[in-house]
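Here is what each chain is made of, one letter per residue.
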Amino acid sequence: MTYDTNNIFAKILRGEIPCYKVYEDDHTLAFLDIMPRSPGHALVIPKAPARNILDISADDFAHVARTAHKIAGAAKRAFNADGITVQQFNEQAGGQAVFHLHMHVMPRSAGVALLPPMSNKESPKVLEDNATRLIAALSG
Ligand code: AMP
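Residues numbered from 1 in each chain as written. Predicted model: local features only at pLDDT ≥ 70, side-chain atom pairs only at ≥ 80, totals over all residues. Heavy atoms only, no water.

Engineer: Got a sec to walk through the packing of aromatic side chains? Specific residues and values, please.
Structural biologist: Applying the stated criterion to the full structure yields one aromatic pair. Between the aromatic rings of Phe9 and Phe31, the centroid separation amounts to 5.4 Å while the plane-to-plane angle is 75°, which identifies the pairing as edge-to-face. Linking Phe9 in helix α1 (residues 8-13) with Phe31 in strand β2 (residues 28-32), this pair joins segments that are 22 residues apart in sequence. Of the residues examined, Phe31 reaches a relative accessible area of 3% and is grouped as buried. (Phe/Tyr/Trp six-rings, centres within 6.5 Å; stacked < 30°, edge-to-face > 60°. Helix = DSSP H or I, 4+ residues; strand = E, 2+ residues; numbered from the N terminus. Buried < 20%, exposed > 50% of the residue type's maximum accessible area, 1.4 Å probe, protein only.)

Engineer: With reference to specific residues and values, describe the sheet that holds strand β3 (residues 42-46).
Structural biologist: In space, the five strands of this open sheet follow the order β1-β2-β3-β5-β4, with antiparallel pairing throughout. The open sheet has two free edges, formed respectively by β1 (21-24) and β4 (83-87), since each of these has just one partner strand. Pairwise comparison of adjacent strand axes, ignoring direction, gives a mean angle of 20° for this sheet. As judged from the five bridges shared by β2 and β3, these two strands associate in the antiparallel manner. Looking across to β3, one finds that Thr28 is bridged to Pro46. (Pairing = 2+ DSSP bridges. Axes fitted to C-alpha atoms, helices over the stretch in contact; angles between N-to-C directions.)

Put into structure tokens, the structure is as follows:
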């Protein structure tokens, strides 16, 4: 399987489509999922063009894990979460829908199930508010 440079996250990296950015460094970008499975659901992607865990370098994967670790801690504080679910899918058979590697970081409240994937398109206002909260927690 080859990397498609026209996947939606590649377009976000190139600034061709907008995102609710919460964090960026030399190797990674983190932004909110627009169809969140929980309030504050974020995605962490490498800047390197990798389809998934099967073609990313170990170093680039480690950069993604490091950023996911940072986002998880901030998300717990920002959303007063009881827990955090981290997920990462590989190939269609592995549950992947967008073919640029990404880690999901989902704040969880006790007893509240995740929404089904891509079931609810969140409003811009809620996404803006949640991005602001997460950015504040990341800088705090
Ligand atoms: P998956 O490949 O199964 O891990 O899922 C891809 C994820 O990307 C889903 O949770 C979608 O809601 C999310 N998604 C798709 N398009 C966008 C977008 N333009 N901005 C943010 N998240 C997106």
